[in-house]
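Chain and residue survey
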Amino acid sequence: MKIALVGYGKMGKAIEQIALSRGHEIVSIIDINNPQDFKSDAFKSADVAIEFTTPATAYDNYMKCFAAGVPVVSGTTGWLEHLDEIKRMCKEEGKTFFYASNFSVGVNIFFAVNKYLARIMNNFPSYDVRMTEVHHVHKLDAPSGTAITLAEGILENIDRKERWTLETAEKPTDLPIHAIREGEVPGIHEIVYESDADTISIKHEAKSRAGFALGAVIAAEFTAGKKGFLGMDDLFHF
Ligand SMILES: NC(=O)c1ccc[n+]([C@@H]2O[C@H](COP(=O)([O-])OP(=O)(O)OC[C@H]3O[C@@H](n4cnc5c(N)ncnc54)[C@H](O)[C@@H]3O)[C@@H](O)[C@H]2O)c1
């Protein structure tokens, strides 16, 4: 498969290694200094572009990929105000876009366990729920996209919670997310249910970026040749 990389930072470089090891060809690499390459024949020849840049630049890059007729797999977080527009373009204009706030297989198992636990805890109002996420100091957005997906899994299933809030709960119906930025931590997410009697917690800790990169390449293999808006639920059926 021919892959274009948009964003050649920590994730772009990790994805390049895994893609090459799985027998794919990298036909174009675009970073901040060569946006003109979106119009190159090499870029247009890609079966899929894998985009990992920044919250502020992602949407513009998606539009450039779409204009070149190249399907997009993106893991950039912090741009979700444009999500409805991207979904509309996939539905009405035949574009192809795969998004995951977290491409790690382990995290996607964790998402499923989180929803299952939340369904159980809906029947036990003596437990309050909170979340903590820890990432490296270079991360631009807070809470993490993964934390938001976990929060949505809880809010969908626990009737006594209405919205997530960053740091402090203003009302009992809030789900607080404590975001910590320290060192070079690739990503830790923990959900804690606490009653007067005991504490139940589930935790996922990434050891490196390799899990995210492998998931992104598997998603790219899945996306090539498909149409529409795709996500991890299409890839894995837990
Ligand atoms: N979904 C996931 O599984 C997952 C996993 C890890 C990171 N992320 C997210 O991916 C994004 C990138 O993470 P990273 O660790 O690689 O960051 P990074 O800072 O190491 O790399 C970002 C790269 O994007 C480049 N860039 C900036 N503006 C650009 C533009 N307009 N066009 C092209 N390239 C541009 C930068 O020069 C840099 O090389 C972040 O939003 C992060 O939160 C998602």
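Here we summarise the structure given alongside this text. If you're wondering where the values come from, they're calculated on a predicted model, not measured in any experiment.

**Describing the site of the ligand**
Taken together, 22 residues lie around the ligand, and Lys10, Met11, Asp31, Thr77 and Phe103 are the ones closest in. One of the side-chain N or O atoms of Lys139 is found 3.0 Å from an oxygen atom in the ligand. Protein contacts shield 80% of the accessible area of the ligand, which totals 860 Å² for the unbound molecule. A per-class count over the shell around the ligand returns 8 nonpolar, 11 polar and 3 charged.

**Observations concerning the packing of aromatic side chains**
Taken as a whole, this structure holds 11 aromatic pairs when the rule is applied. Ring centres of Phe97 and Phe229 lie 5.9 Å apart, and the angle between their planes is 20°; this geometry places the pair in the stacked category. Highlighted residues: Phe97 in strand 5 (residues 96-99) and Phe229 in strand 11 (residues 228-230), separated in sequence by 132 residues. Accessibility expressed as a relative area gives 0% for Phe97, which makes it buried. For Phe229, a relative accessible area of 28% translates into the label partly exposed. Through pairs of rings, three or more aromatic residues link up here, namely Tyr62, Phe66, Trp79, Phe97, Tyr99 and Phe229. Here Lys13 stacks its cationic end above the ring of Tyr8, 4.9 Å away from the centre of that ring. Directly above the ring of Phe229 sits Lys87, whose terminal nitrogen or CZ lies 5.2 Å from the centroid.

Calculation criteria
- For every chain, the first residue of its written sequence is number 1, and the numbers climb from 1 along that sequence.
- Only residues with pLDDT of at least 70 get local features here, since the model is predicted, and only at 80 or more are side-chain atom pairs given and counted; chain-wide, interface and lining totals rely on the full set of residues.
- Where side-chain values are given, they derive from all heavy atoms of the structure, hydrogens and water being excluded.
- Nearness is defined per residue: one heavy atom within 4 Å of the molecule or strand is enough.
- In protein, a polar contact requires one atom able to donate a hydrogen and another able to accept it; more generally it is a pair of N or O atoms within 3.5 Å, and residues adjacent in sequence count only if both atoms are side-chain atoms.
- For the area figures, the Shrake-Rupley method with a 1.4 Å probe applies, and any residue is considered shielded solely by the protein chains shown.
- Residue polarity is assigned by list, with Asp, Glu, Lys and Arg as charged and Ala, Val, Leu, Ile, Met, Phe, Trp, Tyr, Cys and Pro as nonpolar; anything else, Gly included, falls into the polar class.
- Any two rings among Phe, Tyr and Trp, with Trp reduced to its six-membered ring, count as a pair given centres within 6.5 Å; such a pair is stacked if its planes are under 30 degrees apart, edge-to-face if over 60, and tilted if neither.
- Strands are runs of DSSP state E lasting at least two residues, helices are runs of H or I lasting at least four, and both sets are numbered from the N terminus onward.
- A simple rule labels every residue: compare its accessible area, found with a 1.4 Å probe on the protein chains alone, to the largest value its type can have, and call it buried under 20%, exposed over 50%, or partly exposed in between.
- Two limits define a charge over a ring: the Lys NZ or Arg CZ must be within 6 Å of the ring centre, and within 35 degrees of the ring normal.

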